[in-house]
Amino acid sequence: MNPQERFFQLIEEIAFFYGISSTLDEVKKETLSPSESWKAWLEFDLNDGKKVKVQLQAEFIKEWNVLRLLMTFEKPNVASDWTAHHEFLEALLLCRIFPGTIFPVVPVLLPGDIMEWQALFPLDAELETSKKAILAVVEGAVSFYEGATQLTRDLGFRKELTIRLRTFAYSTGLAWTLGEWERQKLRHANASHAMETYSPEGHYYRLLPATKEVAGMIAINLGNLNDFVGVSNLLPHLLKANAITFLSDNYYLGVDDREGLLLMALLPPAEEYETKLLVTALLQRAVAVRKFFNVMTNELEAVRIQEQFKKQDLSGVEQLVLT
């Protein structure tokens, strides 16, 4: 079975698992030229009647052949838009790693506040291995979506929602925690070279170096969310930007269980010196991203304060300050 045949066999087995059609009559497929991506997607209903669209596509990134999984969820029937509430956005941005894979799953908000999850898997893995890993991620994403939708209906948008969503994520082993990092990294082929240290610029980071055979990853802490004044104003834009950064540069921004802002990146299989160059570049990128966040959050907060001044009669305050 060649790689392309294995790819569509994988789609067929996933479709069969969800009772769609073992003959792929209801699954859309797109086969491009051998040098381009192969794509296939399917849809099935969730418990609330909404649909989830699952798309798999094979990609070839600098000799690193990967399966990219995209899961798109319809917007639930809730009273308010998700993007209007930073409590929900914070919980959505929790960095997620799933049992059986060290690589994180990236949350994205598409136009119309549609939620999408993105994940990468090695294309050359055994068929059964790929199937189990992909189903684990799909089931985890579906579980989070349905749990988040129900909690939103029950609790509305307030701080308790964030706490409950975090607890839900921890209980299913999805959230990026120190304990989960310790468990997951031991499954990696290069676990003996895992590293937790500080960059010359003072950023704490965790690293699983890539080798010529296996991909690695790096998670760089940019600081605590509380370090960035008015960061809640930036959260919806951050989620939407992740769709671009993860697709183009294979890195994204998220939040860990201690509200640390992380820059996380996938490291393609490469020679040791190439991996070191990439890690150095990403550490420098982290410095630039932190600086950008500081500038943007302060500017957004300044605009918000100015708007508040325009709306209120602050003559008494002005008189107190200026006299």
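These numbers come from a predicted model, not from an experiment. (Residues numbered from 1 in each chain as written. Predicted model: local features only at pLDDT ≥ 70, side-chain atom pairs only at ≥ 80, totals over all residues. Heavy atoms only, no water.)

1. A word on the pattern of salt bridges
Stage number 1. On inspection of all chains with the given rule, the structure shows two salt bridges.
Stage number 2. In this structure, E13 and K131 form a salt bridge, with 3.5 Å as the shortest nitrogen-oxygen distance. Of this pair, E13 sits in helix 1 (residues 3–17) while K131 sits in helix 3 (residues 127–155), and the two are 118 residues apart along the sequence. A single burial state applies to E13 and to K131, both of which are buried. (Salt bridge = Lys/Arg side-chain N within 4 Å of Asp/Glu carboxyl O. Helix = DSSP H or I, 4+ residues; strand = E, 2+ residues; numbered from the N terminus. Buried < 20%, exposed > 50% of the residue type's maximum accessible area, 1.4 Å probe, protein only.)

2. Regarding helix 1
Stage number 1. In this model helix 1 runs 21 Å from its N-terminal to its C-terminal C-alpha over 15 residues, within 8% of the 21 Å that 1.5 Å per residue would give.
Stage number 2. Taken together, the buried positions of helix 1 are occupied by R6, F7, F8, L10, I11, E13, I14 and A15.
Stage number 3. Following helix 1 by one or two positions, G19 has its phi on the positive side, about 65°. (Expected span 1.5 Å × (residues − 1).)

3. Re the nonpolar core
Stage number 1. In this structure, L69 and F73 are the most contacted members of the largest nonpolar core, which totals 73 residues.
Stage number 2. In this view, L69 contacts V54, Q55, L56, W117, Q118, A119, F121, I134, V137 and V138; residues no more than four positions away in its chain are not counted.
Stage number 3. One finds V108, L120, F246 and L266 within the second-largest nonpolar core, a separate group that totals 13 residues. (Core = buried A, V, L, I, M, F, W, Y, C linked by side-chain atoms within 4.5 Å. Contact = heavy atoms within 4.5 Å.)

4. Focus on the packing of aromatic side chains
Stage number 1. Within the structure shown, the criterion is met by five aromatic pairs.
Stage number 2. Seen from their ring centres, F7 and F8 are 5.0 Å apart, and the 75° between their planes marks the pair as edge-to-face.
Stage number 3. When its relative accessible area of 3% is taken as the criterion, F7 is described as buried.
Stage number 4. Ring geometry for F228 against F293: centres 5.5 Å apart, planes inclined by 65°, an arrangement best described as edge-to-face. Here F228 is found in the loop between strand 10 (216–224) and helix 6 (235–249), whereas its partner F293 is found in helix 7 (residues 272–311), with 65 residues between them in sequence.
Stage number 5. When its relative accessible area of 2% is taken as the criterion, F228 is described as buried. (Phe/Tyr/Trp six-rings, centres within 6.5 Å; stacked < 30°, edge-to-face > 60°.)

5. Structural notes on the confidence of the model for the protein chain
Stage number 1. Summary statistics for the protein chain give a mean pLDDT of 76 and a share of 75% for residues scoring 70 or more.
Stage number 2. The least confident element of the protein chain, judged by mean pLDDT, is helix 8 (residues 315–322) at 49; the most confident is strand 8 (residues 195–198) at 90.
Stage number 3. Confidence over residues 22–26 falls short of pLDDT 50; this stretch has 10 contacts with residues more than four positions distant or in other chains.
Stage number 4. Scored below 50 in pLDDT, residues 317–323 makes zero contacts in the model with residues more than four places away or belonging to other chains. (pLDDT = per-residue confidence, 0-100.)

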